[in-house]
Amino acid sequence: MNIRRVRAVVVAALVAMALVAMALAPAAASAGTSAGGCRVGAPGVGDPYYPLYGNGGYDVQHYLLKIRYNPATDRLVGVATITARATQSLCRFNLDFQGMTVRSVKVDGRRARWSRSQDHELTVVPQRHLKKGHRFTTVVRYDGVPRTFVDPSAPDVPYGWIHTDDGADVVSEPEGSANWFPLNDHPTDKATFTFVVTVPAGREAIANGRLVARRTHGRWTTWVWNSPELMAPYLATATNGQFNLRRYRTADGLRMYDAVDPDLYNLPIDPQDPASPTYGEIADRSLARQGEIIEFLESQFRVDYPFSTGGGIVDDAENLTFALETQTRPVYPWFFFADPVSGDSVVVHEIAHQWYGNDVALAAWMHMWLNEGFATYAEWLWSGREGLGTPQEIFEFFYNDIPADDPFWDLVIADPGIPNLFHGAVYIRGAMTLQVLRNQVGDRDFFRILRAWAKRRSGGNGTTAQFIALAERISGQQLDALFDAWLFTPGKPTYGAPAATATATATAGQAPPAAASLLRRLAEGASRTRR
Ligand code: TRP
Ligand code: ZN
């Protein structure tokens, strides 16, 4: 597609070759192995897009992240305690970690040797070999200024640890986590988390899960959050700054934490209009609907909300350009709350990710449409219920409105490449694929497929091939041609509206309100430079 992508593919191929070479080499021959026959943990899990992310040889169970962050200096001091189980005998293993200064590493209480490479690999050599099946604890002490990730192909979409005027927005998808804590950075290694985050007194630190303690000592306040449900580590957040934190329960009893930057109540949407609502007010209106949105999505997916807490964080940062579905507590940029339709849609989108993306995570990054196509489809379901356009109307609008020669249709949705991971087509054509599937198999089987995907893979991961297999099993239909055309083949697929829906009221060129708002959001935010 472009030079960056070609380069990524070449690098991936070289690394894959290196991994194969390592796997083939006799254990004793590779550096760092001993006569004891223990093995070296692989430096990556072999994700085709990010071959060095994640690591082999162990499975993390829990991260305890103690972090002190001073926004005045941008410095972070951290102690990460990582509990893991060895899945093979290990003479040494890797963590993904980048940019910060490592002060010490201990494994099971003993000082370990360690080294770093210019990519994000931190190699740890414990004093004693770890036996297969052994549960071990690694403690890494570190400090420094956490780097913000800036992708050269999208320099105005920074991610990872985003420094703000009063703290930081921590939104690490896809590979920003290694900039602020050492980890096994791949969605296939989910773990539970405890966050102990210390920030200047008077500031708030919001992480995933439940707030279990807050104590102030002198000029610092420590916030302790516990996240007891398995989580892909890119979904961890420790967003901090000045926030109004509200704790409440939904009508269904779900524990909620909403955090809104108070500056947003002074920011009118239309500065010319003295009666204009503020971004803070619109954000509050959308957040107030979270309980209703969760109930609606539960009724559509017919699977309970997968986690024990919820809520949302809205910040006024200029450099936060996208929302992220950080588990149980999405982070939203202020500008999505310019109007209630856009605000509600983005909240529906990020909450839908709690099922599709978080509880069921990607098995590899190339399957991104399983996250973004599903969350976008959830917005279309919500739009239908709000009277802003049915999924079929929105589908027809995009299908009729985007001409066959538009580059929108060039992208292969099932393999978009790193630079196009969050391309608008992954969202829209991904959701269109689900609507085509729905028309093909009928409502009953379609919703059975959505339910089974969330239910059977809860806590785990999935691939596009597994989703297709599930859809074929449940519908009893051969769906290769449909998915080939919509996910695997560049170009605009042919589509004949089925008789039952041919009467849809969408008129060509006229966007249903929800479609217009989605386009605006994609244009403003994430895909701004990625189209
Ligand atoms: N997953 C986010 C969403 O729900 C988008 C996103 C995450 C993103 N990380 C990104 C977009 C990095 C651009 C760059 O929409
Ligand atoms: Zn999304």
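Whatever comes next refers back to the structure up there.
Residues numbered from 1 in each chain as written. Chains lettered and ligands numbered in written order. Predicted model: local features only at pLDDT ≥ 70, side-chain atom pairs only at ≥ 80, totals over all residues. Heavy atoms only, no water.

## Comments concerning the pattern of salt bridges
Close approach of charged atoms lets side chains of opposite charge pair. Inclusion rule: Each reported salt bridge corresponds to a side-chain nitrogen of Lys or Arg within 4 Å of a carboxyl oxygen of Asp or Glu. Only runs of H or I of at least four residues qualify as helices and only runs of E of at least two qualify as strands under DSSP, and these elements are numbered from the N terminus. For every residue, the accessible area obtained with a 1.4 Å probe (protein chains only) is divided by the maximum for its type, and the residue is called buried under 20%, exposed over 50%, and partly exposed between those limits.
Following the criterion strictly, the structure yields 12 salt bridges and no others. Among the salt bridges present, the one from D143 reaches R103, with a minimum N-O distance of 2.8 Å. Taken together, the residues D143 in strand β9 (residues 135-144) and R103 in strand β5 (residues 101-107) connect sequence positions 40 residues apart. Here R103 falls in the exposed class, since its relative accessible area comes to 53%. Note that R289 is salt-bridged to D344, the shortest N-O span being 2.8 Å. A residue pair is termed long-range when its members are at least 10 positions apart, and R289 in the loop between α2 (279-287) and α3 (290-301) and D344 in helix α4 (residues 340-355) qualify at 55 residues. Here R289 falls in the buried class, since its relative accessible area comes to 19%. A relative accessible area of 7% places D344 in the buried class.

## With respect to the packing of aromatic side chains
Where we set the bar: Aromatic pairs are defined between Phe, Tyr and Trp rings, using the six-membered ring for Trp, whenever the two ring centres lie within 6.5 Å; interplanar angles under 30 degrees are classed as stacked, those over 60 as edge-to-face, and all others as tilted. Counting as a charge over the ring demands two things of the Lys NZ or Arg CZ atom: a distance within 6 Å of the ring centre and an angle within 35 degrees of the ring normal.
Across all of its chains, the model carries 44 aromatic pairs by this definition. Seen in terms of ring centroids, F97 and Y142 are 4.9 Å apart; in terms of plane orientation they differ by 80°. Their pairing is edge-to-face. Here F97 is found in the loop between β4 (90-96) and β5, whereas its partner Y142 is found in strand β9, with 45 residues between them in sequence. Here the two residues F97 and Y142 agree in accessibility, since each one is buried. Across from the ring centre of W220, 4.6 Å away, lies the NZ or CZ of R68, which sits over that ring.

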